[in-house]
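What the coordinates show
Below are the chains, spelled out letter by letter.
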Amino acid sequence: MIQNYVFFVAGLGALAFGAELLVRGSSRLALALGVRPVVAGLTVVAFGTSMPEFFASFASALAGSEGIAIGNVVGSNVANVGIVAGLSALVRPLASDRATLRREVPFMILVSFVFLWFISDGLVSRLEGGVLFAGIVVFTVLSVVSAMRGAAVKADAPARGGTRGGNAAMSAVGLAGLIAGAHFMVKGAVQIAAHFNVPEVIIGLSVVAVGTSLPELAASMAAAAHGESGICLGNVIGSNIFNILFVTGVVALAAPLHVERAMITQQTPAMIGFAAALALFMATGRRITRREGLLFVLSYAGFMVWIYGA
């Protein structure tokens, strides 16, 4: 049994380490190639911090643990709002901007409802996975086009640390860490769930989801501490969109996902509720206050008590 905990902790550590290297290397490389910081944040950073969710869900689906795969997506999105946005707002109130409220926030709500629609029959098919994947392609293209309408960084701008080759190598090492970490974390999680007779979907919704959300938490809290509210909220919103469209889409393309009834009637509606609350708080006063951040954290604690007591 101890071996399973070692696998899980080691895998979690490798995921966090790999995500850090991938985000740092790829974002620096993007800036060195002339991509504006806001574009890097909307695409590269959001994509990078969603990689732990992707590899954990992908490895789970291939191992036949569909509960962990789908639970990780929903649980990570709840954790992004409840823990990541909540704790970041406690560090410093998060100001929202009109453009994000007009574009990315409604899109996040929309794809959340599309996700609920797709799982309502108990299965995310390959066709539905393809539709979700097409959605992330469209979202990424539109984000880049919209963000690049302003002033661009010169194409010969130096990377913020390291050379292009070094940053590319850093990204590759980070990707390898994510692959290895996902394998061992899922292996340990499945065995721990079996030992304590805890449904895999609950493990995916809680332990795995929180673990794979650590990159978002680290990136967003650091951004909040430096007064970069846009990066913080953009990371949360972008990661939620990527988790639904990219993670679920690619995993379903590889192996159709069967979904338990409780995920359809309880946990996914809760995920939509957290997303709606984030939109509401961003719209009222154009900021998320410390009090609202505390409410997010307490709501997430209540969510954990609820799913384990159900």
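A quick note: this is a predicted structure, and the numbers were derived from the prediction, not measured.

As for the packing of aromatic side chains
Centre-to-centre distance and the angle between the planes together describe a pair of aromatic rings. For the structure on display, the rule yields 10 aromatic pairs. Seen in terms of ring centroids, Tyr300 and Phe303 are 6.2 Å apart; in terms of plane orientation they differ by 35 degrees. Their pairing is tilted. Of this pair, Tyr300 and Phe303 both sit in helix 13 (residues 290–309), separated by three residues, roughly a single helical turn. For Tyr300, a relative accessible area of 6% puts it in the buried group. On the basis of relative accessible area, Phe303 is assigned to the buried category, the value being 4%. Cluster of aromatic residues (ring-pair linked, three or more members): Phe54, Phe58, Phe133 and Phe246.

Section: the packing of helix 4 (residues 66–91) against helix 13
At a minimum axis distance of 7 Å, the contact between helix 4 and helix 13 shows a crossing angle of 145 degrees. Classified by chirality, the crossing of helix 13 by helix 4 is left-handed. Each of Val78, Ala79, Val81, Gly82, Ile83, Gly86, Leu87, Ala89, Leu90 and Val91 in helix 4 lies in contact with helix 13, whose residues at this interface are Arg290, Gly293, Leu294, Phe296, Val297, Tyr300 and Phe303. When the residues that make up the contact of helix 4 with helix 13 are grouped by side-chain class, the tally is 13 nonpolar, three polar and one charged.

A few points about the nonpolar core
When a protein is soluble and globular, its nonpolar side chains tend to lie buried together. Of all hydrophobic cores here, the largest spans 65 residues; its most connected members are Leu278, Ile288 and Phe303. The greatest single-element share of this core, amounting to 13 residues, is contributed by helix 11 (residues 229–254). Those residues in contact with Phe303 that sit more than four places away from it in its chain are Val78, Leu205, Ala270 and Phe274. Counting 10 residues, the second largest nonpolar core, distinct from the first, contains Ile68, Ala189, Ile192 and Ile203.

Some remarks on the packing of helix 4 against helix 12 (residues 261–283)
Where helix 4 meets helix 12, the axes come as close as 10 Å, and the angle between the chain directions of the two elements is 30 degrees. Considering the angle they form, helix 4 stands roughly parallel to helix 12. Classified by chirality, the crossing of helix 12 by helix 4 is left-handed. In this structure, helix 4 contributes Ile70, Gly71, Val74, Asn77, Val78, Val81, Gly82 and Ala85 to the contact, and helix 12 contributes Met263, Gln267, Thr268, Met271, Phe274 and Leu278. Each residue belonging to the contact of helix 4 with helix 12 can be placed in one class, and the counts come to nine nonpolar, five polar and no charged.

Structural notes on helix 13
When the terminal C-alpha atoms of helix 13 are compared, their 29 Å separation across 20 residues agrees well with the 28 Å that a helix rising 1.5 Å per residue should span. If you check which residues of helix 13 are buried, you get Glu292, Gly293, Phe296, Tyr300, Phe303, Met304 and Ile307. Projected down its long axis, helix 13 shows its buried positions confined to an angular sector of 135 degrees, all on one face. Pointing more than 90 degrees away from the buried face of helix 13 are the exposed residues Arg291, Leu298, Val305 and Gly309. In this fold, the buried residues of helix 13 make contact with helix 4, helix 9 (200–212), helix 12 and strand 4 (287–288).

Description of helix 4
Its 26 residues give helix 4 an end-to-end C-alpha distance of 36 Å, which sits within 8% of 38 Å, the value for a rise of 1.5 Å per residue. Maximal helix bending in helix 4 amounts to about 35 degrees, located at Asn80.

Basis of the calculations
Residues numbered from 1 in each chain as written. Predicted model: local features only at pLDDT ≥ 70, side-chain atom pairs only at ≥ 80, totals over all residues. Heavy atoms only, no water. Phe/Tyr/Trp six-rings, centres within 6.5 Å; stacked < 30°, edge-to-face > 60°. Helix = DSSP H or I, 4+ residues; strand = E, 2+ residues; numbered from the N terminus. Buried < 20%, exposed > 50% of the residue type's maximum accessible area, 1.4 Å probe, protein only. Axes fitted to C-alpha atoms, helices over the stretch in contact; angles between N-to-C directions. Left-handed = near helix turned anticlockwise from the far one by under 90°. Contact = heavy atoms within 4.5 Å. Nonpolar A, V, L, I, M, F, W, Y, C, P; charged D, E, K, R; others polar. Core = buried A, V, L, I, M, F, W, Y, C linked by side-chain atoms within 4.5 Å. Parallel < 35°, antiparallel > 145°, perpendicular 65-115°, else oblique. Expected span 1.5 Å × (residues − 1). Arc of directions from axis to C-beta. Bend = angle between axes of the 7 residues up to and from the residue.

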